[in-house]
Amino acid sequence: MTSAPTPDSDARRSAWETAYDNKQNFVFYPEEEVVRFVSRHLRQRQGLDTFRDVVPNAEGLKFLDAGCGIGRHLNMALTFGFAPYGFDLSESAVAVARDWLGKSGLAAPDSRIIQADIRDLPYDTAFFDCIISHAVLDSMPTAIARDGIAELARVLKPGGLFFCDFIGGGDHEEVITTEHEKGTLQSFFTPEKIDALLPDSFELIERVRTERTTTRSAHVHSRLHVTLRRL
């Protein structure tokens, strides 16, 4: 990766379409911190088909994955008994997610999983009980992420929870020039940068930092995971 001018919206969308067309982002298993968030704050799985609700009436809660990719967390939400919805910038990702969730038993996947821009969502105000967004808000210019979070706050119910995460290691932006995700943007975050990104309509519940070290190169990959409540 190297520093470069921020790509415009059409170029960003085209880059993500290429990445998904090349199956570079075909990830099938849920992110561990997303599973932990769901189990800690929404519903805990206790058996093959038994659950303990952490929030009242967790079954059927409206669960939005903002930047859903091919649908791995939507599929998880379905197994937890939630009502999953998702959107992604990439039409290719959305097509795969619809196919996968339809085969998993989601009714009307074409209307529940859509292509959309995070800054302009076609949902009613206060529609969702919970929103997650994994490895998405740090894959766009910070200004777009700020507007996107404000739009997510609009569609989240008061008292609803929002989980999101960011790559750590600085406060700069880089356009990826290697083959994997070429032409997309990576934005790096510090806790202070995250705080500046969040509107006053959210209350911080928890912030967790995770690190993964490659021992041969000593490269440290860190992520900041944030749980928020809509005021």
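See the structure above.
Residues numbered from 1 in each chain as written. Predicted model: local features only at pLDDT ≥ 70, side-chain atom pairs only at ≥ 80, totals over all residues. Heavy atoms only, no water.

**Student:** Would you mind showing me how to read the pairing of strand β3 (residues 62-66) here?
**Tutor:** Regular strands show a simple pattern: their side chains alternate between the two faces of the sheet. Of all five residues making up β3, four are buried, and the element is well covered by its neighbours. In the sheet, β3 pairs with strand β4 (residues 83-88) via five bridges, with the strands oriented parallel. What sits directly across from Leu64, in β4, is Tyr85. For the crossover from β3 across helix α3 (residues 72-79) to β4, the handedness is right-handed. Sheet topology places β3 next to strand β6 (residues 128-133); three bridges connect them, and they run parallel. Counterpart to Leu64 in the pairing with β6 is Ile131. (Buried < 20%, exposed > 50% of the residue type's maximum accessible area, 1.4 Å probe, protein only. Helix = DSSP H or I, 4+ residues; strand = E, 2+ residues; numbered from the N terminus. Pairing = 2+ DSSP bridges. Right-handed = clockwise from strand over helix to strand, strands pointing away.)

**Student:** For this particular structure, what's the right way to read the packing of aromatic side chains?
**Tutor:** Aromatic ring pairs are reported here in terms of the distance separating the ring centres and the angle at which the planes meet. A full pass over the atoms with the stated rule returns 14 aromatic pairs. With centroids separated by 6.4 Å and ring planes inclined at 80°, the aromatic side chains of Phe26 and Phe28 adopt a geometry described as edge-to-face. With a relative accessible area of 23%, Phe26 lands in the partly exposed category. Aromatic pair Phe80 and Phe82: ring centres 5.9 Å apart, planes at 25°, arrangement stacked. The exposure classification of Phe80 matches that of Phe82, with both residues buried. Here a set of aromatic residues connected by ring pairs shows up, and it is made of Phe51, Phe63, Phe80 and Phe82. In this structure, Arg112 packs its charged tip against the face of Tyr85, placed 4.3 Å from the ring centre. (Phe/Tyr/Trp six-rings, centres within 6.5 Å; stacked < 30°, edge-to-face > 60°. Lys NZ or Arg CZ within 6 Å of the ring centre and 35° of its normal.)

**Student:** Is there a simple way to explain helix α2 (residues 32-41) in this structure?
**Tutor:** Side chains of residues three or four places apart in an α-helix project in the same direction, reflecting 3.6 residues per turn. Buried within α2 are the following residues: Glu33, Val34, Phe37, Val38 and His41. Each buried residue of α2 sits inside an arc of 140° when the element is viewed along its axis, so together they form one side. (Arc of directions from axis to C-beta.)

**Student:** For this particular structure, what's the right way to read the environment of Gln44?
**Tutor:** Position of Gln44 among the secondary structure elements: in strand β1 (residues 43-45). Sequence spacing of Gln44 and Leu231 is 187 residues, and the spatial spacing of their C-alpha atoms is 24 Å. Side chain to side chain, Gln44 and Gln46 meet in a polar contact 3.5 Å long. (Polar contact = N/O pair within 3.5 Å; in protein donor to acceptor, adjacent residues only side chain to side chain.)

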